[in-house]
Structure formats: structure tokens, C-alpha cells
Amino acid sequence: MADDEPSRRRVLAWGGTGLATLLGGCSGLLREGETPTGTRPPTASPTETPTAAPTPTPWSTDTPTDTPTDTPTDTETPTDTEAPTDEVYDTTLVGVTTDGPPSDLQFNRFRVTRLADTATNLIYEPLAKYHYGRGKFVPYAATDWEVTPSTMTVTLREDLSWHDGQAVTASDLALQIELSRKTGHDIWDYVTAVTARDERTVVLTLAEETHPKILEHALLTDRLHAHPGRYEPFRERDDEALTDYQERKPIGNGPFRLVSADSHEFRLERFADHPLADRVTFRWYELRYVDTNSSIHRALLNDSVDVVNSVFTPARIVADLPGHFREARVPSKWGYGVLFDHTDDHFGTREVRQAVAHVVDREQVAENAGPRIKTAPAVPCGITAGDQERWLGEEQSSYPDYGADASRTDAAADVLESAGYSKSGGTWRDASGEPVSVDFLSPNGWSDWTPSSQTVVDQLNSFGFDASLETVSAGDWFHRLMNGEFSMGAFFWTAQGSEAAFPYFTARYQIEASPIDGGHNFPEGERTVPARDGPGETTIDPRAKLDDLRTTGDADEATELVRDLAWHNAHDLPMLGVTEKFDQSFVSTDEWTAPESGADAYGVRWPPSWLVRTGQLRADPT
């Protein structure tokens, strides 16, 4: 589980579906002993990361605010920070990779298969990093960016160089963006051209005015990876040539360079000419290949690794870890939800979906699935838990919450009866006498989803639905969702990674369900919901509202559109958000120094690479 943000290109990389990304690297969802595969996991965030001292960022000072926002703002003007100078020790920081045997992996990030994602975190520099606690991007290789109604301008750091000594320039980034058109990169949904204005400045021409946060999430999560000597020739070649190319000896620009890769490990060496090399106080970084969660747990328990990016670790194992390990629970804005087939005889009826929302005790689901790393959103409205207050403000209390901490069976009964349902013989039936019966579809063996689905089924049965849990292989589950071969089941309810912080992405995700090709059959056109202000009803076309939100640059208008979409979502329930989770990272302080648990620095994924860059994970062999 390595990089932060996949594009829809990566979502479609597995057999024409989204399974690779949705499952890739999500070790927290794997059964004990199952092999984690793929690249990165999307996940969900419940609350803001607790803040301590501000994180020193590599190339800027960035003071965290109490109430970060995702409304359009200019980036802060970065100022260089003084890099601490310390002795460089000939010692090795040992981490893990679950991407596959290192000698089988490659470094062409335009190619989505067999990608050495964990190693690229250290070899290639990101343009910016999203801070999940502060709710905004932190400048990185891109020191500044600005969005106007017609352009997005990105300014690069001036002293960054490739590992072969060649300076990184704006032309390199422009080339990378241009080549990404061949692979369907999300940024090309919004731009028509890209040029290098000078050595440091890249200008993207917008197809139409676009909300700045959409552009930020589409572009700034990328890494600078296209060395011109390697990738310039692909400008004139066909798309397949680029995606077929396997790069085995990357020329990077990050704090570490690749030295070797065998079937067991990557060995990386500190790049002494990196502009922030003084922050890296050890010479070697080793990434050992492991293929199961239990193998990672054993490595932590045996003290044979120093850092782990992310692994689902039950409380009993955390309690047994050596005392020098610090656990960082990183917000992930991703989690377990309920998906409905909107053409189903029962669950295509809004009142039945609302009854389900009333019956499901979301906090009980979180408790049964893993209370240390789960939380329930206060309002199931398509906005992640940690972002609801900032977007809904004082209006949040007016949105239907269906009871996050209780099974509201009386309210569920009322809403069903209003739709002509009645209960007889302990079972709810529609007006024709047909029972509300459902095989709840869920992937088998997933360590936290199986108890979640079983809890939902038990609560529905207690209420009077005829529900059973149907578990199938992940592949069968996914294909059945794509083909609409289900009535109700488990599914991810948010957009992926940092995108979920801006409600546009999750609202679009729930309505379009693009990873399953719209298999939930959510209808097009206007929907009638209670009026947001005052009595009566109103109509809303959620897709039209999404278009308006995508193309506005006005912060107040964006807030109103977000609230309209959330209001529709909470009443119409395209999906039901049930829980969100934290990812668990681990950092050793045995011969290493690292921030205290809960520090602001842990709000960036992933701590084992981020803390090295900020100078907060340092060798201390004395």
C-alpha cells in the first residue's frame, strides 16, 4: 500500500474493472495470511488528526489551522526552512513492500501493473502532499500553484535534480503531463493543453472554469517521474508503447536512489546531492518483500523491521509489540458502506433504503469490525466524517442522521408503512404480500468487512427483513456488482484517498459508481426531496449540480452546491455510508527518533517516507 492517489486509469486496470485499485494493497481488508496485491488502498477518515507541533515541511513553512477548509484558496508562499545538519550514519532503515517480489517489479508509473509503488515513494518526489489533518495540500516539488478561470499555473522548486545530475525543469513536468494524456489521466478531463512557460513554470489551459480543488486533487498527487532522457521518445510513439515499457533502473529525483532489487528486497541509498539531503541522517533504506499481513505482524513482533507504511493490525497484536514502536493511525477517508440496486423491487424504493438506514446501527458495525480504527459518520450524506462540520456548518443538525448509534426500528417501521409495507408473521411485506427478502452480497474472508456485513444482516433480520449473508470471492463479488446481479450488498462508499476531502468526488462516485460501471443503476434526471429550507418539497438533478460544482470558482457558491448535493444524498441514499477507517502505520524508536504519537506529522501518508523528508525520522544509534 504505497502511493496516495490513483486515477480512474488505475481503477480500470484490472480486466477492465476497478478491482485492482479497490483491492490493491488494502492489506486491512485481507484475511489472515492472504496475499496483498496491487498498488495502493483508498480509505476513509473519521476525524481530524490531532495536532501537536507543526510538521516542518521540506520546502516551506506551513502553519496548521484549527479549521482547515477545502474552499478555493491560493497556496501559501513557501519559504525555505533551515535544514538541520547531522552526521550521516552508515546504518539501514528497514521497511516492507507488499507490491510483489522486487526483482519482478518496474518503475514506469504510466504502466499500472507490477509497479514498485512503495519504492517510488522514496525515489520520485511528489508535487505536493495532502495533509489529512489540516485538510489541504502541503507544497513539495511544486512550491506554488494558482488557478484562474482559464489556467492552472504550477511553479517547481528550482534546485531539484535527477539522480544523473540533470536539473529538473518545467519542461520535464510538461512532458509528463502531456504523456499522461495517452493513459487517460484525470487531469485531461479538465485541461486542453500544457506548456512550460520558463524553467520553473508550467501552465495548463483549462477547457472551462474548474473548481481549484478538483484540479489540485487531479494533479498535485502525482510524482515527478518522467525523466526526459527516458520518456521524450514516447511523445511520438503510440499509447501502448508507453504503457508496455518496463523501467527497471529508474532515474529518480527523491532522497534515495535505487541500488539493487532481488527477489527479497529493494536496497536504496541516500542521494547526497538532493537539496534536503542534510535531513537524511542514515545511508541505506531497505524494503523487504512480505506477502501477508501475518508476515508483517511477525516482523514487527520480532523487531526485524523498523517501519511499516500500512497494515491492519488487531488490538491484541498492537498490545504485544515491542514498546519502542509508535503506531500512527492515519486518516484515510474510505470505508465500508451498503450498496443498493436502484432497479430492485424493494431497494429501488427510497422508503425501503431509508428504513435500512434507520435500522443499521453504524456505531455497532464499527465496534464489531474494529473500534480502534473504525468510526461512523454522523450523517450519511456523501461527505466523510471529518469534513461534515466544515462543509455543512450549523445546518448539519437539520440533515437526517438515521441514528448513528442506535437501530431506530420505530422510525424504520413508520417510513415503510408510508410506502405501503406492513409486517405480518414477524416479516415485512410489500402491498402485494411479497416479503422483503435479500441475499446481502459481500466478499468473503475480509477481516473487517465480514463482521460488518454480518452485523448489518443481523440487524435487518431483527427488524423483520428476511436477510441472509452471501459471501463470494472478491472477483465474483465485483463482477456481480458491475452486472447489477444483486439487490443489496457491501461496497466502498467514498471516493479514494485525498479526493474524498472535497465532496464533489464522493457525490459523483455515489451517483455514477464508475468503478462498477454504474452497476447500482442510480436513475438519471431530477429527484424530489424535502425542501432544504422550510416545508414542502424541491426537485434536484444531482448530476446537474455536480456539473455546476465542477465549474464554479466561487467559494460561497461551492458551499451551497455541496450542501444541496449532501441534502439530496441524505434523503435519496444512492449508497449508505456506514463506517470509515484509519490506516495503521508503525515507526520504531529503537535507534531512531520519531514524533510522538498523535503529532501533526502523521497526517501525511505515509510516515515512513514523509518523516524522512521532513527530518523527523532520524538515525539515533547512540
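Residues numbered from 1 in each chain as written. Predicted model: local features only at pLDDT ≥ 70, side-chain atom pairs only at ≥ 80, totals over all residues. Heavy atoms only, no water.

1. Some words on the overall build of the protein
What counts here: Every helix listed is a DSSP run of H or I at least four residues long, and every strand listed is a run of E at least two residues long, numbered separately from the N terminus. Buried, partly exposed and exposed residues are distinguished by accessible area as a fraction of the type maximum, computed with a 1.4 Å probe on protein chains only: under 20%, between the cut-offs, and over 50%, respectively. Contact definition: two residues touch when any of their heavy atoms are within 4.5 Å. Computed with the Shrake-Rupley method and a 1.4 Å probe, the accessible areas treat only the protein chains shown as cover for residues.
When helices and strands are tallied, the protein shows 19 helices and 27 strands. Each of the 622 residues in the protein was classed as buried or not, and the buried ones make up 62%. For the protein, restricting intrachain contacts to residue pairs at least 6 apart in sequence, the fraction spanning at least 24 positions comes to 73%. Just so you have it, the protein exposes about 21,600 Å², and 43% of that area is on carbon and sulfur atoms.

2. A few points about the nonpolar core
The condition that has to hold: The criterion is simple. A nonpolar core is a set of buried Ala, Val, Leu, Ile, Met, Phe, Trp, Tyr and Cys residues joined through side-chain atoms within 4.5 Å.
Judged by nonpolar contacts, the single largest core of 59 residues is most densely connected at Met152, Ile177, Ile187 and Leu204. Ignoring sequence-local partners within four residues, the contact set of Ile177 consists of Ile187, Trp188, Val194, Val202, Leu204 and Leu219. Residues Val360, Phe440, Leu481 and Ile516 belong to the second largest nonpolar core, which totals 50 residues.

3. Some points on the packing of aromatic side chains
A ring pair, where both rings are aromatic, is described by two values, the distance of the centres and the angle of the planes. Test applied: For Phe, Tyr and Trp, where Trp contributes only its six-membered ring, two rings pair if their centres lie within 6.5 Å, and the inter-plane angle classes them as stacked under 30 degrees, edge-to-face over 60, or tilted in between. In this scheme, the term charge over a ring applies when either NZ of a lysine or CZ of an arginine sits within 6 Å of the ring centre and within 35 degrees of the ring normal.
Under the counting rule described, the total for this entry stands at 33 aromatic pairs. Measuring from centroid to centroid gives 5.1 Å for Tyr336 and Trp449, while their planes differ by 90°, and the two rings are edge-to-face. With Tyr336 in strand S15 (residues 336-340) and Trp449 in helix H14 (residues 449-463), this pair connects stretches of sequence that are 113 residues apart. Just as Tyr336 is buried, Trp449 falls in that class too. Ring geometry for Tyr504 against Phe505: centres 5.3 Å apart, planes inclined by 80°, an arrangement best described as edge-to-face. For the residue pair Tyr504 and Phe505, the accessibility class agrees, reading buried in each case. One Lys or Arg, Arg181, reaches over the ring of Trp188 and ends 3.7 Å from the middle of that ring. Across the ring face of Trp284, the terminal group of Arg267 is positioned such that the distance to the ring centre comes to 4.2 Å.

4. Some points on the pairing of strand S19 (residues 437-443)
So the rule is basically this: Pairs of strands are assigned from DSSP output, requiring at least two bridges between the strands. Think of it like this: strands point away, you trace from the first strand over the helix to the second, and a clockwise trace means the crossover is right-handed.
With respect to burial, S19 is a largely interior element, 5 of its 7 residues being buried. Sheet analysis places S19 next to strand S20 (residues 466-472), joined by 7 bridges and oriented parallel. Residue pairing across strands places Leu441 opposite Glu470, the latter belonging to S20. Chirality of the crossover, the property in question, places the unit of S19, H14 and S20 among those that are right-handed. Across 2 bridges, S19 lies against strand S21 (residues 488-492) in parallel orientation. Note that in S21 the partner of Leu441 across the bridge is Gly489.

5. Here's the deal with the packing of helix H10 (residues 350-359) against helix H13 (residues 409-418)
Basically, it comes down to this: Here, axes are lines fitted to C-alpha atoms. For helices the fit covers the stretch in contact, and angles between N-to-C directions go from 0 to 180 degrees. Any angle from 65 to 115 degrees is called roughly perpendicular, while one under 35 is roughly parallel, one over 145 is roughly antiparallel, and all others are oblique. Note on residue classes: Ala, Val, Leu, Ile, Met, Phe, Trp, Tyr, Cys and Pro are nonpolar, Asp, Glu, Lys and Arg are charged, and everything else, Gly too, is polar.
One can describe the packing of H10 onto H13 by two numbers: an axis separation of 8 Å at closest approach and a directional angle of 175°. One way to sum up the angle between H10 and H13 is to call them roughly antiparallel. Contact residues: Glu351, Val352, Gln354, Ala355, His358 and Val359 in H10; Ala411, Ala412, Val415, Leu416 and Ser418 in H13. By residue class, the composition of the contact of H10 with H13 is 7 nonpolar, 3 polar and 1 charged.

6. Comments concerning the side chain of Ser609
Here Ser609 shows up in helix H19 (residues 607-613). For Ser609, a relative accessible area of 6% translates into the label buried. Discounting residues that sit within four places of it in the chain, Ser609 has contacts with Asn121, Leu122 and Tyr285.

7. Considerations on the packing of helix H16 (residues 503-512) against helix H17 (residues 542-550)
Quick reminder of the rule: Two helices that cross are described as forming a left-handed crossing if the nearer one is turned anticlockwise from the farther one by less than a right angle, and a right-handed crossing if clockwise.
Two numbers describe how H16 lies on H17: the axes approach to 10 Å, and their chain directions differ by 150°. Comparing their axes, H17 and H16 come out roughly antiparallel. Between H16 and H17 lies a crossing of left-handed hand. Contacts between H16 and H17 involve Tyr504, Ala507, Arg508 and Ile511 from the first element and Pro542, Arg543, Leu546, Leu549 and Arg550 from the second. Here the residues of the contact of H16 with H17 are counted per class, giving 6 nonpolar, no polar and 3 charged.

8. Comments concerning unusual backbone geometry
In the segment running from Arg605 into Trp606, the intervening peptide bond is cis, with an omega of -5°. Mapped onto the elements of the fold, Trp606 is located in the loop between strand S26 (592-593) and H19. Unusually for a residue other than glycine, Arg114 sits at a positive phi of about 50°. Topologically, Arg114 is positioned in the loop between strand S1 (89-97) and helix H3 (117-123). Phi is positive for Asp303, close to 65°, though the residue is something other than glycine. Residue position: Asp303 is located in the loop between helix H8 (293-301) and strand S13 (307-308).

9. Here's the deal with a negative patch on the surface
Applicable threshold: The patches reported here contain residues having more than 30% relative accessible area and no salt bridge. Joining distances are 9 Å for like charges and 5 Å for nonpolar side chains (Val, Leu, Ile, Met, Phe, Trp, Tyr). The working definition used for a salt bridge is a side-chain nitrogen of Lys or Arg within 4 Å of a carboxyl oxygen of Asp or Glu. Residues scored as charged are limited to Lys and Arg (positive) and Asp and Glu (negative), so that His and the chain ends carry no count. Where a charge lies is defined by one atom per residue type, namely NZ (Lys), CZ (Arg), CG (Asp) and CD (Glu).
A cluster of like negative charges, contributed by Glu209, Asp548, Asp554, Asp556 and Glu557, occupies part of the molecular surface. Here Asp556 is to be found in helix H18 (residues 555-572).

10. Considering H10
For an α-helix, 3.6 residues make a turn, and residues three or four places apart therefore share a direction. Most of H10 is tucked away: 9 of the 10 residues are buried. Among the residues of H10, those classed as buried are Arg350, Val352, Arg353, Gln354, Ala355, Val356, Ala357, His358 and Val359.

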